[in-house]
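Observations on the model geometry
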Amino acid sequence: VFLALALSPAVDLILRARIRGRSLPRWLAILVTYLLFFLLLGFLILEVIPPIVREVEQLGTQLPTYVKDFENWAENNDQFRELNDKYDITKLLSQEASQLPAKLGGAADGIRDITVGLLNNLVEAIVVLTLSFFLLLDGGRQFERGVSRLRDPHRERVRRAGERIARIVRSYVSVNLTLAALAGVFTWLSLELLGVDLAIPLAVLVGLFDLVPLIGFTIGGLLVAVVAALHDFPTALIVWAALFLIYQQVQDRVIQPIFYRSAVRIHPVIAIVAVLAGAQLAGILGALLAIPVAA
């Protein structure tokens, strides 16, 4: 039901298109929406995951060199030399660096296993998409048919509640996708400005993380900070941190309240409390559903 309500704005948008003065049949508009969805999923799998895996493996092979450079710096620093003599920091770093390529290789294999696992669960996805297809095709009529079976005092109230729930979920999904796209574009422009590699894959990851309420954008920003530090420490890291903090404040204090207030029409305090409660009760799924449920 949630997926059908989330996809309905895209279906309605495609239905507005005119081919030789006629709109597409609804079933064809739904299939076009599905096709666009799978094209986006294929882009994420083929264009984002493989470059990140390659960079992780390359990092594993180059990390001992970074540690060697750090050791040379440490030998020329009197204050650090005292700490190193006392705690043997460089030896511990060397040992961990020598083991890290194997660990990173295992992590890369884990990413591949996750991808294969997603493909292996394709049957379950087909079931969900099939149910969503019929809900998109005929869900409104079935809802009206079910409401018409209720008694008079409750019929209109249930109809108004159902219509408002559908409108809120559609608006909520649209707002979240818009905010995620803005976060991705911001990340891409910032990384291109800094000359950091993997600008597009990292921008897509930040956009995906931004869909997770409260902490998603921060987690994505920390991942980008690690890459920026490896690219040009400390200049790229400092510039990225400054840009990220500025954008985060603008998004949290200006963009989000405006979007949520106009689309979902609930107070920001209620939205935050609802997300916290939803995350406590049902994890990430609860956090995603919290704002529409509260509204």
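The rules behind the values
- Residues numbered from 1 in each chain as written.
- Predicted model: local features only at pLDDT ≥ 70, side-chain atom pairs only at ≥ 80, totals over all residues.
- Heavy atoms only, no water.
- Patch = residues over 30% accessible without salt bridge, like charges linked within 9 Å, V, L, I, M, F, W, Y side chains within 5 Å.
- Areas by Shrake-Rupley, 256 points an atom, 1.4 Å probe, with all protein chains shown as cover.
- Salt bridge = Lys/Arg side-chain N within 4 Å of Asp/Glu carboxyl O.
- Helix = DSSP H or I, 4+ residues; strand = E, 2+ residues; numbered from the N terminus.
- Buried < 20%, exposed > 50% of the residue type's maximum accessible area, 1.4 Å probe, protein only.
- Contact = heavy atoms within 4.5 Å.
- Axes fitted to C-alpha atoms, helices over the stretch in contact; angles between N-to-C directions.
- Parallel < 35°, antiparallel > 145°, perpendicular 65-115°, else oblique.
- Left-handed = near helix turned anticlockwise from the far one by under 90°.
- Nonpolar A, V, L, I, M, F, W, Y, C, P; charged D, E, K, R; others polar.
- Expected span 1.5 Å × (residues − 1).
- Bend = angle between axes of the 7 residues up to and from the residue.

Time to look at a nonpolar patch on the surface. Where nonpolar side chains cluster on the molecular surface, the patch consists of Leu40, Phe43, Val185, Trp188, Leu189 and Ile200 and spans about 550 Å² of accessible area. Listing elements by their share of the nonpolar patch, those giving two or more residues are helix H2 (26-75) and helix H6 (152-194). Per-element accounting of the nonpolar patch gives the leading share, 3 residues, to H6. Position of Leu40 relative to the elements: it lies in helix H2.

Moving on: the environment of Ile30. Relative to the elements of secondary structure, Ile30 occurs in helix H2. The buried category is assigned to Ile30, whose relative accessible area is 0%. C-alpha separation for the pair Ile30 and Leu7, spaced 23 residues apart in sequence, amounts to 8.6 Å. Ignoring anything within four residues of it in the chain, the contact list for Ile30 reads Val11, Phe133, Leu136 and Leu137.

Its place among the elements puts Arg157 in helix H6. Its relative accessible area of 60% is what places Arg157 among the exposed residues. Residues Arg157 and Val147, spaced 10 residues apart in sequence, show a C-alpha to C-alpha distance of 9.6 Å.

The next point concerns the pattern of salt bridges. If you walk through the whole model with that rule in mind, you get 5 salt bridges. Between Arg26 and Asp12 there is a salt bridge; the shortest N-O distance is 3.6 Å. You can see Arg26 sitting in helix H2 and its partner Asp12 sitting in helix H1 (residues 2-15), a full 14 residues away along the chain. On the accessibility criterion, Asp12 (31% relative accessible area) is partly exposed. The partner of Glu144 in a salt bridge is Arg159, and the shortest N-O contact between them spans 3.2 Å. Here Glu144, found in helix H5 (residues 122-148), pairs with Arg159, found in helix H6; they are 15 residues apart in sequence, far enough to count as distant. On the accessibility criterion, Arg159 (16% relative accessible area) is buried. Taken together, the shared-partner salt bridges in this structure form one network comprising Glu144, Glu156 and Arg159.

Axis separation between H6 and helix H9 (residues 235-263) bottoms out at 11 Å; the angle between their running directions is 160 degrees. With respect to H9, the axis of H6 lies roughly antiparallel. Considering the relative orientation of H6 and H9, their crossing is right-handed. Only Ala236, Val239, Trp240, Leu243, Phe244, Tyr247, Gln251, Ile255, Gln256, Phe259, Tyr260 and Ala263 of H9 make contact with H6, whose side of the interface consists of Ser171, Tyr172, Val175, Asn176, Thr178, Leu179, Leu182, Ala183, Phe186, Thr187, Ser190 and Leu194. Considered class by class, the residues forming the contact of H6 with H9 number 17 nonpolar, 7 polar and no charged.

Here H5 spans 37 Å end to end across 27 residues, near enough to the 39 Å set by a 1.5 Å rise per residue. Along its length, H5 reaches its greatest deviation from straightness, about 70 degrees, at Asp138. Buried within H5 we find Leu129, Ser132, Phe133, Leu136, Gly139 and Val147.

Structurally, Ile270 can be placed in helix H10 (residues 268-294). We classify Ile270 as partly exposed; its relative accessible area is 48%. With 25 residues separating them along the chain, Ile270 and Ala295 place their C-alpha atoms 9.0 Å apart.

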